[in-house]
Structure formats: structure tokens, C-alpha cells
Amino acid sequence: MSEDRVHKTFQIRTFGCQMNVHDSERLAGQLEEAGYLPAGEGSTPDVVVFNTCAVRENADNKLYGTLGHLRPVKEANPGMQIAVGGCLAQKDRGDIVKRAPWVDVVFGTHNLGALPVLLERARHNAEAEVEILESLETFPSTLPARRDSAYSGWVSISVGCNNTCTFCIVPSLRGKERDRRPGEILAEVEALVAEGVLEVTLLGQNVNSYGVEFGDRLAFGKLLRACGSVDGLERVRFTSPHPAAFTDDVIEAMAETPNVCPQLHMPLQSGSDRVLREMRRSYRSARFLSILDKVRAAMPEAAITTDIIVGFPGETEEDFEATLDVVRQARFSSAFTFQYSKRPGTPAAEMDGQVPKQVVQERYDRLVDLQNDIAWQENRKLVGRKVELLVATGEGRKDAETHRMSGRARDGRLVHFTPTGSAVRTSVRPGDVVEAVITYGAPHHLVADGDLVSHRRTGAGDNVEAGRRPKTDGVSLGLPAFGAPPALPATHGCDA
């Protein structure tokens, strides 16, 4: 490592989904290992990294607009380097440097680990370095990670996607699904818990199809149960499953493993069977609703969230009404609603019947109004209920007058609470665990304004207070080979 590199600073700007957020943790871990330091608040970093997303139509405009604003900063600081990675980099490749010649490095979704070397090469050669691999050579999870949270961590169990949804560009940019070995996943979970983390979220483009590469269709349920045996792991979440691959054994594993949270994010996309066919979503509305019925029969307290696209090409008023009907029946606790955006390179972009913007907007507004009303009704039912909260930082708005803090209930709902009462032990910190009684339900959050019922100080809270965040080394037992991996332990979690 060269001497002039030791004190250089970096900043990472992340666009898009949880997968990108976790990839950014890996990028930060590599840069720190290479001798870079996180840039201080308000300072000008030596390296700015953009980890991009290509899902939304305005992703390109957002990136190039931001790069344009950064150009004069770089001109005033000639030693600054700018790197662009992620899905948009995989898609646009060398065009990024053509459109923004002041960019120094472009890297794709398959070579996150190349960033420090590419920065050094670009600096040495005084010219842009563009490296885009066509397939994954090593799992991102083999790379070190500078974790964003002291109490909650992401764990990728697979990368890529085998589906061919007509609206989605991700499979062409992330590649086919590759599954990590169960032992490798559990080793990473255990490493996080050893660092004080209380909660992990298992990540996959279609997380419940885990095991497809080594031929075990029950692998995801087994993995959930195995997480139940990790001592000190209090909460397990996962995102995002696909309805077509969602099996009853996963529901049983969720219900029977105490540390698996009663929360399910199940993307609907559309309630119209005709539109689902056009989307190449291999399930229908009746199948979707039957999964929700089974989940609620096994876990009556489960909160179910979803994704919905409004204005897919050819969507009629009848199709849209079918979506509203499914939403009424599903009673989602919340929904991520999107207006369809055309993505070049996807089949849907070439379809006839592109819905006019004003029609899409009107339908979108109606959907949001309906979902907000349902969420408000469901949240009001929770008034008077005691909930356990993992205290969070940066979650929602704070009320300066009441000095409220925020936390997530086990079902994933956001709760603003007042950290008062005799149960409080010195002070409540992010990473601690408290119990509170809900006093008010709003469409997007709950409020607990009474004194706390209990307060448990945790090692995660100690780490937050001390400014420590987990720094995990890459965990790898090698890329998957053909054939099944060793069997997971035959466990049913922590239940007696």
C-alpha cells in the first residue's frame, strides 16, 4: 500500500434496494482495508463512490445529474476520484465515461472486489478504468464489510435471479441465481452476533428460491430453522420472497422458530391475473391470497407488506380494479407502490398499450388512498397492545417536544415511543430493547407515549454508545459446486 494512500478519505452514495445497501457495506470494508478512511461530515472526500440502481426510469437522470453537480468539485480538487458501480454501471458500461469524462472508475455488479485496484490503476495511468465482468467470479460476501448498524445486519444468501419478469432489468444485470452454502451463511450470522448484532435480514433477489442451485427446494425453510439455533440472535427477517416459490414448509419454519419475526414482505405487483401473465409472474391472485391465509392461520399477528406496480402496459380500468380488490382482501400493513416506468432492454418497454401518465397518476393516487386507509384501520387495532421494540436510529421523524425515540416491533412496524418511566435503566440507546404500550395508530407508524414497561440494555447499545460498528471479514467456504451441500442441522429453533 502506497504511503500517500493511508490518509485518503472516501464517501459512498447508495441508490436503490437493500441489496445495494449491503453491497455498499462491502465496498466500504474494502476501502478501509486498503487504507482509506470514511470522510468526515462536511469535508471533501478523496474518493466518491456511486453504487447505482437501474430499476427506476429516472435512475439514469439521477446519476448523471449528481455527477454533473460533482464536476466543479472535482475541478477544484484535481486529486479527487469518482467511481461508479452497481446495476447502472453494468448496463451503461463505457457510456458513463463518455457522458461524464470526469469519472475515473466504472465497475459492475460482478466485480465489487476490484474497486481499490481500479482506483489505484486509474491514479497511476491518469485515465479512466472501466471493468465490467459478465459473470460472478466470487461472492460479494467473501469481501470485508464495514457495517452500517451496530444492532442489525444484512446477510446475502444468494445473488442473481432466474425469473424473467417482463418489467425487470435486474436478471440481465445481476445474472443467474447463485446460492451460498448454508454453513457459510450461518458462519456470517454467527460472526455478526459475536460483534453484538441482535437482528439479521437474509437477502436474496428471490430469497425463498434458495437451494435451487444445489437441488434442495426445502433449503430456505431449513436455513430459517438453523438460524433459530444461533445463540444470541434475537430476530431474523428475510426479503424478498416470490409467491410462486413460497412453500408451506417456510410458513411452518417461520411459525415454529421463535427468533424468526412474524413479518412477511410478499410482492403482489398486480391483482389482475391477465396483467400477471403479461408480467410473467408465475402465480395468480387466488394463489397469492391463499398464501396470506396460511401465513395468518399459522401466525395471526403477522404483518404483511407488498410491492405493487400501477400502469403496467395494457392495464385497463378492470385490471386496476382487480388490484384494488386484492388489496382490500389482503389487508397489507403497508405497501411500496410504484408507477410503471419503462426500462430499455426489458420486454415490457416494447409492449403496446403504454398507459398515459395522467391515467397512471390517477390510479396510483386511488391505490395509495385505499392502502393508507387500510393500514390506518389495522394500526388502530393495535392500540393498547404491548410490543417489544429494538430501538433504532434514523427511523422516521422525531418529536423534539416529547423527545420521542423510534424502534421496530417484531412485526416490522415502526413505533415512536417516549423513553420515560421507572423501567428505564440510566438511558435508552439505539440497539437496546424496550417494551411499550401502543397509544395511537397512524397509517405509517404507531405511537407509544406512556412510560416504558421494560428496558434491557444490550451489547449492541454499548457499541452504539461507544461509536463502534461491526467490521466483519469476508466469510467464504468457496463458491457452490455441483451437488447438495452438507445437510443443515435437524433443528426446530429454540422452542422447547
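Let me sum up the structure you'll find in this document.

Thresholds, definitions, all that
Residues numbered from 1 in each chain as written. Predicted model: local features only at pLDDT ≥ 70, side-chain atom pairs only at ≥ 80, totals over all residues. Heavy atoms only, no water. Helix = DSSP H or I, 4+ residues; strand = E, 2+ residues; numbered from the N terminus. Rg over C-alpha atoms; globule rule 2.2 N^0.38 Å. Buried < 20%, exposed > 50% of the residue type's maximum accessible area, 1.4 Å probe, protein only. Contact = heavy atoms within 4.5 Å. Areas by Shrake-Rupley, 256 points an atom, 1.4 Å probe, with all protein chains shown as cover. Lys, Arg positive; Asp, Glu negative; His and termini not counted. Charge placed at Lys NZ, Arg CZ, Asp CG, Glu CD. Pairing = 2+ DSSP bridges. Axes fitted to C-alpha atoms, helices over the stretch in contact; angles between N-to-C directions. Phe/Tyr/Trp six-rings, centres within 6.5 Å; stacked < 30°, edge-to-face > 60°. Core = buried A, V, L, I, M, F, W, Y, C linked by side-chain atoms within 4.5 Å.

## What to know about the overall build of the chain
Looking only at helices and strands, one finds 14 helices and 23 strands in the chain. The C-alpha atoms of the chain give 23 Å as radius of gyration, which agrees with the globular expectation for 496 residues (23 Å, within 12%). Seen through its C-alpha atoms, the chain measures out along the principal axes to roughly 65 × 60 × 55 Å. Out of the 496 residues in the chain, the part that is buried amounts to 55%. Within the chain, residue pairs in contact and separated by at least 24 positions form 76% of the contacts whose partners lie at least 6 positions apart. Total accessible area computed for the chain in this model is approximately 20900 Å², and 51% of it derives from carbon and sulfur atoms. Averaging the coordinates of the 58 positive side-chain charges in the chain and doing the same for the 67 negative ones gives two points 1 Å apart.

## Digging into the sheet that holds strand S5 (residues 105-107)
One open sheet accounts for 6 strands, arranged S2-S1-S3-S4-S5-S6; its pairing is parallel. Strand pairing shows two members of the sheet lacking a second neighbour, strand S2 (37-38) and strand S6 (129-131), which therefore form its edges. With 5 bridges joining them, strand S1 (residues 9-14) and strand S3 (residues 47-52) adopt parallel strand pairing. Counted as the bridge partner of Arg13 is Phe50 from S3. Strand contacts of helix H1 (residues 18-33): S1, S2, S3 and S5, with the helix running at about 170 degrees to S1, the strand carrying the most contacts. Strands in contact with helix H5 (residues 115-125) are S3, strand S4 (81-86), S5 and S6; relative to S5, the strand with the most contacts, it is inclined by about 150 degrees.

## Comments concerning helix H8 (residues 219-227)
Among the 9 residues that make up H8, 8 are buried, leaving the element largely enclosed by the rest of the structure. Ala219, Phe220, Gly221, Leu223, Leu224, Arg225, Ala226 and Cys227 are the residues of H8 that are buried. Looking at the buried side of H8, the elements it contacts are helix H7 (182-194), strand S11 (199-203), strand S12 (235-239) and helix H9 (248-256).

## Notes on the packing of aromatic side chains
Across all of its chains, the model carries 6 aromatic pairs by this definition. Seen in terms of ring centroids, Phe15 and Phe50 are 6.3 Å apart; in terms of plane orientation they differ by 20 degrees. Their pairing is stacked. Pair noted here: Phe15 is in the loop between S1 and H1 and Phe50 is in strand S3, with a separation of 35 residues, a long-range link. When its relative accessible area of 15% is taken as the criterion, Phe15 is described as buried. The buried category is assigned to Phe50, whose relative accessible area is 0%. Look at Phe312 and Tyr340: their rings are 5.6 Å apart centre to centre, the planes differ by 75 degrees, and that puts the pair in the edge-to-face class.

## A closer look at the nonpolar core
One finds Leu202, Phe220, Leu224, Phe238, Phe246 and Val295 to be the most contacted residues of the largest nonpolar core, which totals 64 residues. With 6 residues, H8 is the single largest residue contributor to this core. Residue contacts for Phe246: discarding those within four places in its chain leaves Asn208, Phe238, Pro241, Ile251, Met254, Leu264, Met266, Arg287, Ile291 and Val295. Judged by nonpolar contacts, the second largest core, of 24 residues, contains Phe15, Leu63, Tyr64 and Leu67.

## Topic: the sheet that holds strand S8 (residues 152-156)
Judged by pairing direction, the sheet is parallel, and its 3 strands sit side by side in the order S8-S11-S12 without closing on themselves. Bordering the open sheet on either side are S8 and S12, each of which pairs with just one other strand. Strand-to-strand, the axes of this sheet are offset by a mean angle of 25 degrees, without reference to chain direction. Alignment of S8 against S11, held across 5 bridges, turns out to be parallel. Each residue of the ladder has a partner; that of Gly153, found in S11, is Val200. Relative to the sheet, H1 contacts S8, S11 and S12, its axis offset from that of S8 by approximately 100 degrees. On the sheet, H7 packs against S8 and S11 and is oriented at approximately 165 degrees with respect to S8.

Geometric values such as these leave the question of function open.
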